[in-house]
Amino acid sequence: MMDLLWLVPALPFLGALVLILFGTRISRTMVAVIGVGSVGLAALITILVGTTFISSSESSFNLLLWSWIDVAGFSPSFALHLDPLSLIFIFVITFVGFLIHVYSTAFMAGDEGFSRFFAYLNLFVCSMLFLVLADNLLLLYLGWEGVGLCSFLLIGFWYEDKNNGDAARKAFIVTRVGDTAMAIGLFMLFDAFGTLAIPEILAQAPQVWTVGSQTAVIIALLLLGGAVGKSAQLPLQTWLPDAMAGPSPVSALIHAATMVTAGVYLIARMHVMFELAPLAQQCVAIIGAVTLLLAGFSALTQYDLKRVLAYSTISQIGYMFLALGVGAWSAAVFHFMIHAFFKALLFLGAGAVILLLHHEHDMFKMGGLRKKLPAVYWTFLIGAASLAAIPFITAGFYSKDNILWLTFASEKGNVWFFLAALFGAFITSAYTFRMVFVTFFGEAKSTVTHRAGNLMTVPLVVLAILSLVGGFIELPHTIGHLELLSDLLSPVLPSVILRPGIASAEWAIQSISIILSLSGVYLAYYFYLKKPALPGKIKSSFAGIHHIWFTGWGFDVLYQTIFIRPFVWLSTMYKGDPVDKCYTGIVLLTDFMHRVFAKTQGGILRWYIMGLVIGAIFILTLGLLL
Amino acid sequence: MDDVPIESGLVLASILFILGMIGVLTRRNIIFMLISVEIMLNAAGLAFIVAGAKWAQADGQVMFIFILTMAAAEVSVGLALILQIYHQLKTLDSDAASKMNG
Amino acid sequence: MILLWFIIILFVGGILAWIAEYWNASISRWISMLALIINFCLASYLLAAQNEIAILSESSWLLYYRIPWIPSFGISFYLALDGLSLVMLILTFFLGILAVLTSWKELQYKIGFFHFNLLWVLAGITGVFLTMDLFLFYFFWEVMLIPMYLLIGIWGHENRRYAAFKFFIFTQASGLLMFVAILGLYFVHGNLTGEYTFDYFKLLGTTFSPEVGRWLMLGFLAAFIVKLPVVPFHSWLPDAHAEAPTAGSVILAGLLLKTGAYGLLRFVVPLFPDAAHEIAPWAMLLGVIGILYGALLAFSQTDLKRLVAYTSVSHMGFVMLGVFAFNELAVQGVVMQMITHGISTGALFIIAGFIYERIHTRDIDQMGGFWKQMPFMGTIALIFAMASLGLPGLGNFVAEFLTLVGAWKASHTLTIFATLGLVAATVYSLRFLQSVFNGAEMTHVTLPDLSLREKLMVVPMVIFIVWLGLFPQPVLNTVKRSVERVISAQTKVDDIREDLRPGIAQKGGEDE
């Protein structure tokens, strides 16, 4: 049964291949069947393989497909490695991916690039699966770049608009900067271990390096570079808000549920490296904490429904990074899973709203959709509640609460991280319910002619259910105490070490976080439902801050000034190739000499004779004198 | 036979040579230039003869015969060229034949 | 004998193609096509049978062929084939076929003479990849040059004469330096041993005083780094590439540049190991400068073919970096780079040619939104743009990654800068892709998507580049022993002398 694992990435790949080759020649129904079916089958096989794997006692399963490269000891192969960590990831990827594919058949129904869309989407799923199933870092890198390519293609899916193309290019280049750091990390890892196989590296690293050894720190930081690029963390977060130019299902799948969490996966996968490099791990925590705050503030000011969600995604991944940084590995994975459910749900809901309002993105032009789109409203509300961590009933509460508690209680945590996370939770619920209230409450500002069809509603409902019940697999000590996920992950990821004598404080921390998230909701209620005039006033009196938040803290302007402009300027300056000018100089000199000497060839016979005579005299004199 | 001092012979040859050279340089008529060239050749020949007489060797006279034959060849080619130039340009002015400038 | 046939078929095919034009131009096309297909099949056969041949000949050289040519000067007609040559030959004939196909419609005049030149260039290249006699090597080196000059000069674009002269002068001047070095090597070896010979194997391991070795190596290096090309000797390349007809660009980028890389591997490092080691840091530095400089300039070009030409400069920097890193990983990477760059850049030039045929301009500013009308071409361009930026799963990634991993062992700083070249490659590749295929549709022109002939050209290239990306090992195995020889030349010249010589006394090679 386990041997079927290879089908999991292979099926989406075949789907993509068939759609690329024959997509334009087969009917739309056929395209949908192939596109959705391949991922659906992969999801089924994942469940099959997963159950077999869990019921077996082994801690990991390897499957060698073929040997890729074998040169002088450098021998990465196409080999899949299944362990609990990758199992959770492939489950989320195939299952959420399947739901989003189903949704897309309705969302993209009228688009002329229907088959192209599904080809890209299938290719993405395939690359993402390779990323998380890879047995070695080079194969992981293949998946890593593959998802980058698909992200590029899908952001720029509507290629006729130049803005989409620019956003796509930005996403690709910014993530590539991170990837390059990661590539250098791989060179160093190979240099140190003579292999890129992940299990071997993880096994050998503690023997080769002591905690805090310089090489380990550098490598961990380089890997972190790759992670922040892909996961849109500081300082490479700028591409994600622009990436919303892609179709909404793409934002749901790639820029919320799966690809952007690849960084989380990488760090969790290489956790041994980060434990050997406390400095790097601290960087992870700091980046997470700062990012979650900055992105949260930006989310408060956005008008575009999808941009709110984009900043929210950056912020939530910040939480995951924070969890990784304090050593709460499984808490990060838990939040990844729950986040995949509710954020995919929110994006799909937002996509439905945007589609039914004829591609209106500005939520201040929506309003009052509660009655007109009940299915979308209720599912969106559940997703939002989960994001805002409304206590007890939502999955988001359990996953985020877990992180908050561990940030405080972990040995590597401290009060500052905790305060940042806590304040972040407050902002999160504020911007989330701002979005809900503005979009679905108040007076209607637009007309809706039809409702979402079943193909759209069903995935929303399924994701909504998961966003509610998904959290019950991991309950805190104070409520029930259940640790299904941590237990599952325990062979791969070590459990977090708590500061001594702190366990009793858990209920206090929880109470504070509950109060803060509820007060965030109240804040949004007060500002946007009770006194709708207030936000405008505040905005005009703090225009400067609003502008900074709205533009994502000015990182775009900064990078424009220090990287893009100089590069373009330099490139334009050099366009004519200055080196070539040297050769042109030689040519001009030769030409000049040619003209000078040509003058002596006047065609007058007597001048030639004169020259001859003078030459003879000169030589004779020389001969006589010397 | 009274010896003519070698210096006199060489001075005569030099005078002839320089006269010829001045002729080549100053004349524009190609025929006169050719004649001047002949004078220069003969000046060189005279120098050979004088030198041969001085050391009582036949080499000098051999060289002179060479020069004679060469001069003959040169004149025949030269005159043919002159005829062609006259034919083409209707003049014997050497400056007129300046088509082959750089 | 089969080695000789490779060359004879091309020479004779060229002459026949020229003559055939007298009756019918399309016969020339078919003749050259046929000649190249025969050669391709022969080379593929050798590739398939290499293991059996290798067992027979009991050395790392698969085949050889040798007859005396001018014995009094120690010159012989000496061909030998190892894994590296074999792989390069396959590439040569493959790109040759594509070059014939790509000029099928593009070319309008002097068709017979065109094919004559084409085949003779290819014959020269084949000779360069095969010959083991330095005099003969120089001969073939020149044979490549003149027909190429004519190809650019007669069938090129507007500024073709300038480009052709520039190409000729650069390569000829540097080639003469190499010839001087060859003669120097000949006399040094002769003085030392009393045996005056141009035989590569006998010249291997000649000992020099450091001074002499350095100067002779610089002579060889001059020819190869101009051909490669390495910044600052690259400036003939953008002009030649941009002005040449598509077939010419394909051969220039795909093959002629590779002769430079081949020369570095085959001659510079094995003949002058000490001197090569001495200049390695500088050579690697030049390579890195080339990577970054080429990428920077590629970004701002508005002429599509110039853009691709500068990407070549950038990619060839990796060759320089890898060769002088002196380890198996890097050198294997270089060999892969030679092959994959030949295919990917060849494909990009072919695409540029397709576009030129349709809209008669190479100006990127006049392009945009082509995807709408030509999705097939767009897909192909996407694949090769991705190859050019080093996307894993395509051949170029394997090449660049191996090179960089190897180079890391030699120099950390330089490798980091070279890796930054990958970011720059992303920038220019995406610019190329987006400004040609994305954006608003150009409605004032109708652009037919690829025809069957055109699909026939690009689809095999796609298959090759993907295959090389996913299953590079057969190629790596084929060249393994050649690469090991390059590396070991560095360390223990004397110990391996025996292995360097084809098994003359042994069975298996070719009958003379």
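Refer to the structure above for everything that follows.
Everything numeric here is computed off the predicted structure, so don't read it as measured data.

Enquirer: Residues and numbers for the overall build of chain C, please.
Expert: Of the regular secondary structure elements, chain C holds 20 helices and 2 strands. Taking 2.2 N^0.38 as the reference for a compact globule, 512 residues should give roughly 24 Å; the C-alpha atoms of chain C span a radius of gyration of 22 Å, in line with that estimate. Relative to its full complement of 512 residues, chain C shows a buried share of 69%. Long-range pairs, those at least 24 residues apart, make up 81% of the contacts in chain C between residues at least 6 apart in sequence. In the structure as shown, chain C presents an accessible area of about 16,100 Å², 68% of it carried by carbon and sulfur atoms. The average position of the 28 basic charges and that of the 32 acidic charges among the side chains of chain C differ by 5 Å.

Enquirer: Explain the packing of helix H6 (residues 162-193) of chain A against helix H8 (residues 214-230) of chain A to me, and be specific about the residues and the numbers.
Expert: All names here are of chain A. Where H6 meets H8, the axes come as close as 7 Å, and the angle between the chain directions of the two elements is 150 degrees. As far as their axial angle goes, H8 and H6 are roughly antiparallel. In this structure, the crossing between H6 and H8 has a hand that is left-handed. Between H6, through Thr 175, Gly 178, Asp 179, Ala 181, Met 182, Ile 184, Gly 185, Met 188 and Leu 189, and H8, the contact on the second element is made entirely by Thr 215, Ile 218, Ile 219, Leu 222, Leu 223, Gly 225, Gly 226, Gly 229 and Lys 230. Partitioned by chemical class, the residues of the contact of H6 with H8 number 9 nonpolar, 7 polar and 2 charged.

Enquirer: Hey, could you go over unusual backbone geometry for me, with residue numbers and the actual values?
Expert: Cis rather than trans, the peptide bond between Leu 234 of chain A and Pro 235 of chain A has omega equal to 0 degrees. You can see Pro 235 of chain A is positioned in the loop between H8 and helix H9 (239-242). Cis peptide bonds are those with omega within 30 degrees of zero, and the linkage from Val 231 of chain C to Pro 232 of chain C qualifies with 10 degrees. The backbone of Ala 232 of chain A shows a phi angle near 55 degrees, a positive value even though the residue is not glycine. Mapped onto the elements of the fold, Ala 232 of chain A is located in the loop between H8 and H9. The backbone phi angle of Phe 392 of chain A is positive, close to 70 degrees, even though this residue is not glycine. Considering the arrangement of structural elements, one finds Phe 392 of chain A in the loop between helix H17 (374-387) and helix H18 (395-409).

Enquirer: Explain the packing of aromatic side chains residue by residue, including any values.
Expert: Scanning the model with the defined rule gives 90 aromatic pairs over all chains in all. Taken together, Trp 66, Trp 68, Phe 74, Phe 78, Phe 130, Tyr 141, Phe 187 and Phe 190 of chain A together with Phe 397, Phe 401, Trp 408 and Phe 471 of chain C form an aromatic cluster joined through their ring pairs. In this structure, Arg 27 of chain B packs its charged tip against the face of Phe 32 of chain B, placed 4.4 Å from the ring centre. One residue, Lys 54 of chain B, lies across the ring of Trp 55 of chain B, its end atom 6.0 Å from the ring centre.

Enquirer: Summarise the layout of surface pockets; cite the residues concerned and give the values.
Expert: Approximately 1,300 Å³ is the volume attributed to the second largest pocket. Every residue lining the second largest pocket is counted, 39 residues in all, and those nearest its centre are Ile 173, Phe 563 and Ile 564 of chain A together with Val 423 and Val 427 of chain C. Within the residue set of the lining of the second largest pocket, elements represented by two or more residues are H6 and helix H25 (555-573) of chain A together with helix H11 (273-300) and helix H17 (412-437) of chain C.

Enquirer: Give a detailed account of the environment of Leu 588 of chain A, specifying residues and quantitative values.
Expert: Residues and elements named next belong to chain A. Considering the arrangement of structural elements, one finds Leu 588 in helix H26 (residues 578-599). We classify Leu 588 as exposed; its relative accessible area is 56%. Sequence-wise, Leu 588 and Val 415 are 173 residues apart; in three dimensions their C-alpha atoms are separated by 71 Å.

Enquirer: Account for the packing of helix H13 (residues 278-301) of chain A against helix H24 (residues 543-550) of chain A, with residues named and values stated.
Expert: Residues and elements named next belong to chain A. Following both chains from N to C, one finds H13 and H24 inclined at 110 degrees, their axes separated by 8 Å at the closest point. Judged by the inter-axis angle, H13 sits roughly perpendicular to H24. Here H13 runs over H24; the crossing is left-handed. For the pair H13 and H24, the contacting residues are Phe 297, Ser 298, Leu 300 and Thr 301 in the first and His 546, Trp 549 and Phe 550 in the second.

What counts and what doesn't
- Residues numbered from 1 in each chain as written.
- Chains lettered and ligands numbered in written order.
- Predicted model: local features only at pLDDT ≥ 70, side-chain atom pairs only at ≥ 80, totals over all residues.
- Heavy atoms only, no water.
- Helix = DSSP H or I, 4+ residues; strand = E, 2+ residues; numbered from the N terminus.
- Rg over C-alpha atoms; globule rule 2.2 N^0.38 Å.
- Buried < 20%, exposed > 50% of the residue type's maximum accessible area, 1.4 Å probe, protein only.
- Contact = heavy atoms within 4.5 Å.
- Areas by Shrake-Rupley, 256 points an atom, 1.4 Å probe, with all protein chains shown as cover.
- Lys, Arg positive; Asp, Glu negative; His and termini not counted.
- Charge placed at Lys NZ, Arg CZ, Asp CG, Glu CD.
- Axes fitted to C-alpha atoms, helices over the stretch in contact; angles between N-to-C directions.
- Parallel < 35°, antiparallel > 145°, perpendicular 65-115°, else oblique.
- Left-handed = near helix turned anticlockwise from the far one by under 90°.
- Nonpolar A, V, L, I, M, F, W, Y, C, P; charged D, E, K, R; others polar.
- Phe/Tyr/Trp six-rings, centres within 6.5 Å; stacked < 30°, edge-to-face > 60°.
- Lys NZ or Arg CZ within 6 Å of the ring centre and 35° of its normal.
- 1 Å grid on protein atoms, 1.4 Å probe; cavity = no way out; pocket = protein on both sides within 12 Å on 5 of 7 lines; lining within 4 Å.
- Points joined across faces, edges and corners; volume = space filled by probe spheres on them.

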